[in-house]
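# Chain and residue survey
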Amino acid sequence: MKKVTSIVLNNFKNDSRVLKENISLQRAGYDVQVVALHEELLNEFEKVQNIPVHRVKLKSRGWSKQKLVQLIKYFEFIFRVVKQYKTSDILHCNDLNALPIGVIIKNFFNKDAKIVYDAHEYEINDVPNQSQRSIKIKYYIEKFFIKYADKVITVSDSIANEYVKLYGIEKPAVVLNTPPYKEIEKKNIFRETLGIKENQTIFLYQGGLSKGRGIEILLEAFKSIDNKNAVIVFMGYGTLENLIQKISKEYKNIYFHKAVSPDVLLDYTSSADFGISTIEDSCLSYRYCLPNKMFEYLMAGIPVIVSNLYEMKRLVESNMVGTVAKENTSDVLKEAIKEAVKLDKVELKINIQKVKAIYNWEEQEKILLDVYKGLI
């Protein structure tokens, strides 16, 4: 049985992609282990949906957040992971910061190890308004390490094509971050818990409540929207949570709902009429993204309103499952919302059902397992 060590530099608390991948690999007969970063109040060792997780404790964890100190923490993590997992058959490196660990193990400790590099985004330009210097440094790091990867996976066709152009590698396999297929019976949780009337149309923003996702623009749009029956629910957590809660007290058509656990998420999602994903074009990672929340909306059976980013626009327009806001401004968003309300509901339902059959984890799992078969 091949031993797969999946390395990720987060606390593995909300990483649905890494969890889904490891469940799929375990079912296919691989001996899987997730290695993540330890954080207070989380277990060092545990099983998450039967997937063994080791959160590595760092002696330097409590030290300051200065750049040099962060580097020391990173090197300590590398040392501990290499020491314990150097005999792994396959090293699944999630994101650029995990890739050097796999390369160190392969080059110095275990020549037979295989490396799967799983780029969860356009790694070298993944932060809004990033400096050219930072992009260049990341580019040279990725260019050096990617040549040691036996297989590369990424999350959208555009990013895969960019990797071919940037590094002259074989086109990476595209494994989208989609939810498992599920037939959802439409629920009415938001109306029941938030007191929203039956004749009101619920627009839902779910996910991270942070900058770069068009949240402030959405708030402006709903503050001044003409349609008195249009309400928006923000469900999630993040730095803009307090702002949303404050505004929701002033405006009767703006609501906040705290984040819910993944096992009940789609029941809540299905309680809305439309899902909104308004990511801003502030870095190439965002420009080329296909966010999992968009697939969650569709899996829950609701049409979508998205920003005018290449991959999102292509998916929505080619499958006719919603509308695209041509610009991320409150006026243009209000137009997209007006258009969405006028769409034929019967046609939307048929189209969404077709999309669900294509964009689900069961289909993406086949691509992942093909990648692993290619390692033999």
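Above: the structure in question.
Here's a quick rundown of the structure. (Residues numbered from 1 in each chain as written. Predicted model: local features only at pLDDT ≥ 70, side-chain atom pairs only at ≥ 80, totals over all residues. Heavy atoms only, no water.)

### Structural notes on the overall build of the protein chain
Selection criterion: Strands here are runs of E lasting at least two residues and helices are runs of H or I lasting at least four, both read from the DSSP assignment and numbered beginning at the N terminus. We compute the radius of gyration over the C-alpha atoms and compare it with the globule rule, which gives 2.2 Å times the number of residues raised to the power 0.38. Any pair of residues with heavy atoms lying within 4.5 Å of one another is described as a contacting pair. Lys and Arg are tallied as positive, Asp and Glu as negative. Neither His nor the chain termini are counted. Note that the charge is assigned to NZ on lysines, CZ on arginines, CG on aspartates and CD on glutamates.
Helix and strand counts for the protein chain come out as 15 helices and 14 strands. The C-alpha atoms of the protein chain give a radius of gyration of 22 Å, which matches the 21 Å a tight globule of 376 residues would have. On the principal axes, the C-alpha backbone points of the protein chain span a range of 65 × 45 × 40 Å. Across the protein chain, every contact between residues at least 6 apart in sequence was considered, and the portion connecting residues at least 24 apart equals 65%. For the protein chain, the separation between the mean place of its 55 positive charges and that of its 47 negative charges on side chains is 4 Å.

### Let's talk about the packing of helix H9 (residues 262-269) against helix H11 (residues 292-299)
We apply this condition: Lines fitted to C-alpha atoms define the axes, with helix axes restricted to the stretch in contact, and inter-axis angles between N-to-C directions lie between 0 and 180 degrees. Handedness of a crossing is defined here by the sense of rotation of the near helix relative to the far one, left-handed for an anticlockwise turn of less than a right angle and right-handed for a clockwise turn. Under the grouping applied here, Gly and all other residues not named as nonpolar or charged are polar, the nonpolar ones being Ala, Val, Leu, Ile, Met, Phe, Trp, Tyr, Cys and Pro and the charged ones Asp, Glu, Lys and Arg.
Relative to each other, H9 and H11 sit at 60 degrees, their axes nearing to 8 Å. Once H9 is placed against H11, the crossing between them reads as right-handed. Facing H9, whose interface residues are Leu265, Leu266 and Thr269, H11 presents Glu296, Tyr297 and Met299. Residue composition of the contact of H9 with H11, by class: four nonpolar, one polar and one charged.

### Some words on the packing of aromatic side chains
Rules: Pairs were defined over the aromatic rings of Phe, Tyr and Trp, the Trp ring being its six-membered one, requiring ring centres within 6.5 Å. Orientation was assigned from the angle between planes: stacked under 30 degrees, edge-to-face over 60, tilted for the rest. Buried, partly exposed and exposed residues are distinguished by accessible area as a fraction of the type maximum, computed with a 1.4 Å probe on protein chains only: under 20%, between the cut-offs, and over 50%, respectively. Placement of a positive charge over a ring is assigned whenever Lys NZ or Arg CZ falls within 6 Å of the ring centre and within 35 degrees of the normal to the ring plane.
Tallied over the entire structure, the rule returns 14 aromatic pairs. Seen from their ring centres, Tyr122 and Tyr288 are 6.0 Å apart, and the 75 degrees between their planes marks the pair as edge-to-face. Here Tyr122 is found in the loop between strand E6 (114-119) and helix H4 (132-146), whereas its partner Tyr288 is found in the loop between helix H10 (284-287) and H11, with 166 residues between them in sequence. As far as the burial class goes, Tyr122 and Tyr288 line up, both buried. Taken together, the aromatic side chains of Tyr122, Tyr139, Tyr140, Tyr163, Tyr167 and Tyr288 make up a single cluster linked through ring pairs. When the ring centre of Tyr181 is taken as reference, the NZ or CZ atom of Lys356 above it lies at 5.5 Å.

### Things to note about helix H2 (residues 67-85)
This is how it is decided: Helices are assigned an expected span. That span is 1.5 Å times one less than the residue count.
Relative to the 27 Å expected for 19 residues at 1.5 Å per residue, H2 spans 27 Å between its end C-alpha atoms, a close match to the ideal helical length. For H2, the set of buried residues is Val69, Lys73, Tyr74, Glu76, Phe77, Ile78, Val81, Val82 and Tyr85. Next to the buried residues of H2 lie strand E1 (3-7), strand E2 (31-37), strand E4 (51-56), strand E5 (90-94) and helix H3 (99-109).

### Some remarks on the side chain of Lys293
The criterion, for reference: Here, a salt bridge means any Lys or Arg side-chain nitrogen found within 4 Å of an Asp or Glu carboxyl oxygen. The definition of a polar contact used here is a pair of N or O atoms within 3.5 Å, where within protein one atom must be able to donate a hydrogen and the other to accept one, and adjacent residues in sequence count solely through side-chain atom pairs.
Note that Lys293 resides in helix H11. For the buried Lys293, which has no salt bridge, the nearest side chain bearing the opposite charge is Glu296, at an N-O separation of 7.5 Å. Within the structure, the side chain of Lys293 is placed 3.4 Å from the backbone oxygen of Gln206, a separation counted as a polar contact. Setting aside residues no more than four positions away along its own chain, Lys293 makes contact with Tyr205, Gln206, Gly207, Arg213, Ile276 and Ser277.

### A word on helix H7 (residues 215-223)
Regarding H7, the residues found buried are Ile215, Ile217, Leu218, Leu219, Ala221 and Phe222. Against the buried residues of H7 lie strand E9 (201-206), strand E10 (230-236), helix H8 (241-250), strand E11 (254-258), strand E12 (274-277) and helix H13 (330-342).

Purely spatial values, then, with no claim about function.
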